[in-house]
Amino acid sequence: MTRSSKPDESREFLPFCRPSIDAEDVAAVTATLTSGWITTGARCAELEDGIRARTGAGCAVAVTSGTAAMHLLLAAMGIGPGDEVITPSMTWVSTPNIISLLGATPVFVDVDLETLLVSPETIRAAITPRTKAIIPVHYAGAPCDLNGIRAVAKEAGIPLIEDAAHAIGTRFGDTEIGHSGHAIFSLHPIKNITTGEGGVLVTDDEELGATVRRLRFHGLGAEAWDRNQQGRSPQVEVQSPGFKYNLPDMNATLGVTQLKRLDQFIDRRRQIAEHYLNSLPKGIRPLGIPEWSHRHAWHLFVVRVDEAQAGLDRDAFMAALKELGIGTGIHFRAAHTHHWYRNQEYKAPGGLVNTEWNSDRICSIPLFPDMTDEDVDRVIEGIREVCDAIHPTVNQEPLKA
Ligand SMILES: *Cc1c(COP(=O)(O)O)cnc(C)c1O
């Protein structure tokens, strides 16, 4: 088998991700569009109820993105200049961006070489008297060691905010992520369920929940939607200046129907992931799976392309798959390697060796519930073809002179 130098035009491009939208989703959004109320209202409240029922969280507040959810939580916690916030650099840039925009300093901790998860030990070693929050990431849908991390946070008296953008439906042991403490979910179209754009924060702190709810809508004492009286009462006042992060019903209604299919989505994602785990060639190394008991949400299927073993580097691997009509992504290029952070003061007390090694080698291959078995086989064959082109197998026909 040789690799064609031309794009494979006979087949449709297979993206690395595509949202799964069914007739019920379309009907729900259509009903909201024609209902006479399309901004934040009853559908948003229904989505929040659904997330609370699913996770067991005390409060759920739906907003326009996971980034907005993180912004509101950090703002409500009063994080600002002089404060430090611990987070991995192997995360989406939104978290270090929000920390920086608030005038605080991101303190980057390294991740495990195989799972890309932060550990209680690295977090403990990064804590200083200035540390005001700890933000671990449940990377790719696998949970961090929450028992260990919670113990470190509790001992130091520092709030923990779980970045669960990848982890709606993930369980640590038998407990759903978001059940207690503070967490943010993203409902961006690449995430496990979507509202087009959107996010939800959950917290078991009622007072914090109420503050965040106020801050998502100008800091007003009530929102435009009033359960008893559609329309704003003229008496509502700004309690403290807030933002404009409320999630419209047009979006929220999609989340309500998507949430019903979350387990179905995760089951299909797991099937595909297991097929990949059994079929990928050597040199294309999947992430390690945490040893603690958990339910993986399989948000991403990340492989590491190590040139020494695979014969080509990650960027060449991605380009070769693209030629075959197969999409890939990078989740993530380490935040501290981005232009602004390179020229900025950040802290990384324990070094970022594992983060940097992975940042240069990781690649997300297609994984979404609507992939057919043929799509999955096409990806596996494509990867084998790309690797075989570099390391021809002994069975291959010799090149003719
Ligand atoms: C997607 C993502 C976010 C932000 O979510 P948005 O809804 O896109 O704002 C935050 N953290 C991680 C790890 C993410 O992958």
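This structure is a prediction, so every number in the text was calculated from the model and none was measured.

Student: Describe the sheet that holds strand E12 (residues 301-305), and please don't skip the residues or the numbers.
Tutor: Pairing between sheet strands relies on hydrogen bonds along the backbone, with the strands arranged either parallel or antiparallel. An order of E10-E12-E13 is seen for the three strands of this open sheet, with the pairing classed as antiparallel. At either margin of the open sheet sits one strand with a lone partner, and together these are strand E10 (284-286) and strand E13 (362-365). Sheet twist, expressed as the mean angle between neighbouring strand axes with direction ignored, is 40°. The pairing of E12 with E13 spans four bridges and is antiparallel. Residue Val302 lies in a different strand from E13, and its bridge partner there is Ser364. Relative to E13, helix H11 (residues 314-323) is tilted by about 20°, and along the sheet it contacts E10, E12 and E13.

Student: Explain the domain arrangement of the chain to me, and be specific about the residues and the numbers.
Tutor: Each assigned domain of the chain is listed with its residue range as follows: domain 1 (23-259) and domain 2 (262-388). If you average the C-alpha positions of domain 1 and of domain 2, the two centres end up 25 Å apart. Listed per partner, the contact involves 45 residues of domain 1 and 45 residues of domain 2. On the surface where domain 1 and domain 2 come into contact, there are four salt bridges. The salt bridge partner of Glu114 is Arg304, with a shortest N-O separation of 2.5 Å. On inspection of domain 1 and its partner domain 2, the count reaches 30 residue pairs in polar contact (both at pLDDT 80 or more). When residues of the side of domain 1 that touches domain 2 are traced back to their parent elements, those giving at least two are helix H4 (94-101), strand E3 (105-109), strand E6 (171-172) and helix H8 (249-260). Broken down by element, the side of domain 1 that touches domain 2 gets its largest block of residues, five residues, from E3. Considering only residue class, the side of domain 1 that touches domain 2 consists of 23 nonpolar, 14 polar and eight charged.

Student: Could you give an account of a negative patch on the surface, naming the residues involved and the relevant values?
Tutor: Together, Asp204, Asp205, Glu206 and Glu207 give the surface a local cluster of negative charge. Position of Glu206 relative to the elements: it lies in helix H7 (residues 206-215).

Student: Tell me what's going on with helix H3 (residues 66-76), and back it up with residues and numbers.
Tutor: Of all 11 residues that make up H3, eight are buried, and the element is covered over most of its length. Taken residue by residue, H3 has Gly66, Ala68, Ala69, Met70, His71, Leu72, Leu73 and Leu74 as its buried positions. Two or three places before Thr67, at the start of H3, stands the capping residue Ser65, its side-chain oxygen 3.3 Å from that residue's backbone nitrogen.

Student: Help me get a handle on the nonpolar core, residues and values and all.
Tutor: Nonpolar side chains in soluble globular proteins tend to be buried together. In terms of nonpolar packing, the biggest core is built from 29 residues, with Tyr276, Ile284, Phe301, Val303, Phe317, Ile365 and Ile383 touching the most fellow members. Mapped by element, the contributors of at least two residues to this core are helix H9 (262-279), E12, H11, E13 and helix H14 (373-390). With six residues, the top contributor of residues to this core is H14. Beyond its immediate stretch of four places on either side in the chain, Ile284 contacts Val303, Arg304, Val305, Ala310, Phe317, Ile383 and Cys387. In terms of nonpolar packing, the next biggest core, distinct from the first, is built from 26 residues, Leu187, Ala252, Ile266 and Ala297 among them.

Student: So, the pattern of salt bridges: which residues are in play, and what are the values?
Tutor: According to the stated counting rule, one finds 21 salt bridges in the structure shown. The salt bridge partner of Asp83 is Lys132, with a shortest N-O separation of 3.1 Å. Of this pair, Asp83 sits in the loop between H3 and strand E2 (84-88) while Lys132 sits in strand E4 (residues 131-134), placing them 49 residues apart in sequence. Classification of Asp83 by relative accessible area gives buried; the value is 10%.

The rules behind the values
Residues numbered from 1 in each chain as written. Predicted model: local features only at pLDDT ≥ 70, side-chain atom pairs only at ≥ 80, totals over all residues. Heavy atoms only, no water. Pairing = 2+ DSSP bridges. Helix = DSSP H or I, 4+ residues; strand = E, 2+ residues; numbered from the N terminus. Axes fitted to C-alpha atoms, helices over the stretch in contact; angles between N-to-C directions. Contact = heavy atoms within 4.5 Å. Domains from an automatic or database assignment. Salt bridge = Lys/Arg side-chain N within 4 Å of Asp/Glu carboxyl O. Polar contact = N/O pair within 3.5 Å; in protein donor to acceptor, adjacent residues only side chain to side chain. Nonpolar A, V, L, I, M, F, W, Y, C, P; charged D, E, K, R; others polar. Patch = residues over 30% accessible without salt bridge, like charges linked within 9 Å, V, L, I, M, F, W, Y side chains within 5 Å. Areas by Shrake-Rupley, 256 points an atom, 1.4 Å probe, with all protein chains shown as cover. Lys, Arg positive; Asp, Glu negative; His and termini not counted. Charge placed at Lys NZ, Arg CZ, Asp CG, Glu CD. Buried < 20%, exposed > 50% of the residue type's maximum accessible area, 1.4 Å probe, protein only. Core = buried A, V, L, I, M, F, W, Y, C linked by side-chain atoms within 4.5 Å.

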